[in-house]
Amino acid sequence: MEDLKGRRLGRVLTKMGVVTRDQVQEALGLQENRQATLGQLLIELGYVEQEQLNGALGYQQGMDTVDLGDFDIPPAVIAMIPAEMANTYHVLPLQYDEKTKKLTIAMRSADNYQALDTLRLMMGFNVEAVLAPPDQLEKRIGQYYGEDEESLASLVADLADEDGADFEVDGSKSIDLEAQIEMANDNRVVRLLNLVLLQAIKDKASDIHFEPFDDEFKMRYRIDGVLYEMIPPPKHLAIPIVSRIKVMANLDIAERRLPQDGRIELTVGEEPVDLRVAVLPTMFGESVVLRILDRSNVSLDLAKVGMRDDDLDAFRQLIRKPNGIVIVTGPTGSGKTTTLYSALSELNGIKEKILTAEDPVEYDIDGLIQVQVNPAVGLTFAAALRSFLRQDPDIVLIGETRDLETAQIAVQASLTGHLVFTTLHTNDAPSSIARLLDLGLENFLITATIEGILAQRLIRRICPRCKETYEASEDELYALQLTLEDLEGRKLYRGRGCEYCNHSGYKGRMGLFEIMILDDDMRELIMKQASTQLLRNESRKRGMRTLRQSGLMALYDGMTTIEEIIRETMVED
């Protein structure tokens, strides 16, 4: 049915004899008042089955439909796609042409074109899709891949047993570009890297590290803020794996002396996933870190960030100020960006003009004007902020205040009636004042503009499936400056370790927060150049719950462990 390519969906279904023109018109009439596709409405009305709609969408895009009933697929073709990928994307390889590198795959839905793009990117093939009935497709995927799901361990073992002659290179010498491209496109390397990426995304990892050493090539995942070592691939795959990542991120694979940054956009299970790629030359080769930004895994809802009710009320009052500076502080990976995005999502309305300058833009939000800074061409945070003030904004987000120039323009924006959000890297809320003074900002400008500072940390939650009570040792209690009287009537918990939490005893993370509000007395202390310790003590007298206190409350609630609180919070004098 080639003549149906590019036609309107209603026309395609009519030509197929599935619906009448009157039925299409009825659905189009409903569409005027509904945010739904024509296909969804026709299914709701009972005129079309999902399988018929899939077929029509396929014809619309020029895709053929196949019957898998007696389709014979050679084992060599099945081996072209790993089991993990076939099951994740619900695709089945049917034919492969060695000369043109064309791989024909069967899919169950024509609107899954994002998965098609991802397969082209991840596999490096010229992928062509055909449609197959969903029940047939799932049955065949189960038949070919169900019993023999390839694991990372088995693939690494197979590669270690193989002769590495194809990949042996002298790391100190330049490598022929064609040889490097050939290594990057080797099916063994492609399968290994795809399996690593899919497993990391499935395990909710935030980063993947590929690290070359003198006699080995390590792989590590960061899950819930902690690094775990994976089965290391053979050393001879170091250059091919890094080259494959560079090909996927459109980086220069011939450049091995300078750092490079890039981005890979994937779709996994019909959800978009961004990978930020950072390549760093080291003594023994290139080290690569992939930051996984799984948009489906982040809930930009301030009520779900994890603040207690009183902290949430205080923070909501801060972000609704007409002007001033609100700072969110904490180390890298403490959830600052998620908190700020959640605040902006809550403020994001038709009456507010919101501009952001970020490095990089991590999540795109409808209604926000987002700018990615690029220091290489002079677009710094300060330059972006200076331009923002000519864009008539109400609220401005500066990804990070790194220097005096950015801090001064943020102050100017605040003094001219704008609400400014920004982040700092400090240990707690009171020490942010010392950091701003250290940048060179005058104390009278700090007191005139800053409304409040939120400090935060992320700690791991105890796994709910293997949670158990236990008696803490004296050393643990001493480390938290707790006594047995403090624990009277309370129970402490830990995770025993199970399959669900990868035997770590933890699953997921939660936030710890401290909010320092600047009132007139606090501003007076800053003008008198009071020490950080004095500011901390005065804030506590005014009801500020410190990070350590927030941690103890989470401990008493049975959410986390003593070990986590010691790791993430400071001892208070």
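Everything numeric in this text was worked out from a predicted model, so none of it was measured.

J.: Is there a simple way to think about helix α12 (residues 238–248) in this case?
T.: Turn by turn, an α-helix covers 3.6 residues, leaving residues three or four places apart pointing in a common direction. The buried count for α12 comes to ten of eleven residues, which makes it a mostly enclosed element. Of the residues one or two after α12, asparagine 250 is the one with positive phi, at around 55°.

J.: Whenever I open this one, the packing of helix α15 (residues 381–388) against helix α16 (residues 404–415) confuses me. Can you help?
T.: Each packed pair of helices is defined by two parameters, the angle between the axes and the distance between the axes. Where α15 contacts α16, the two axes come as close as 8 Å, and the packing angle between them is 20°. Put simply, α15 runs roughly parallel to α16. Note that α15 runs across α16; the crossing there is left-handed. The residues of α16 that touch α15, namely those facing Phe381, Ala382, Leu385 and Arg386, are Glu405, Thr406, Ile409 and Ala410. For the contact of α15 with α16, the class distribution of residues is five nonpolar, one polar and two charged.

J.: I tried to follow the environment of arginine 545 on my own but got confused; where do I start?
T.: Checked against the element boundaries, arginine 545 lands in the loop between α21 (532–541) and α22 (547–556). Its relative accessible area of 15% is what places arginine 545 among the buried residues. The sequence separation of arginine 545 and isoleucine 515 amounts to 30 residues, and the corresponding C-alpha distance is 7.2 Å. In this view, arginine 545 contacts Arg308, Asp310, Asp311, Phe513, Glu514, Ile515, Ser550 and Met553; residues no more than four positions away in its chain are not counted.

J.: Just to check I follow, could you spell out the packing of helix α13 (residues 309–319) against helix α14 (residues 336–347) for this structure?
T.: With their axes 11 Å apart at the nearest point, α13 and α14 run at an angle of 65° to one another. The handedness of the crossing between α13 and α14 comes out as right-handed. From α13, Phe315, Arg316 and Ile319 reach across to α14, where they touch Thr339, Ala343, Glu346 and Leu347. Residues that form the contact of α13 with α14 fall into these classes: four nonpolar, one polar and two charged.

Rules of the game
Residues numbered from 1 in each chain as written. Predicted model: local features only at pLDDT ≥ 70, side-chain atom pairs only at ≥ 80, totals over all residues. Heavy atoms only, no water. Buried < 20%, exposed > 50% of the residue type's maximum accessible area, 1.4 Å probe, protein only. Helix = DSSP H or I, 4+ residues; strand = E, 2+ residues; numbered from the N terminus. Axes fitted to C-alpha atoms, helices over the stretch in contact; angles between N-to-C directions. Parallel < 35°, antiparallel > 145°, perpendicular 65-115°, else oblique. Left-handed = near helix turned anticlockwise from the far one by under 90°. Contact = heavy atoms within 4.5 Å. Nonpolar A, V, L, I, M, F, W, Y, C, P; charged D, E, K, R; others polar.

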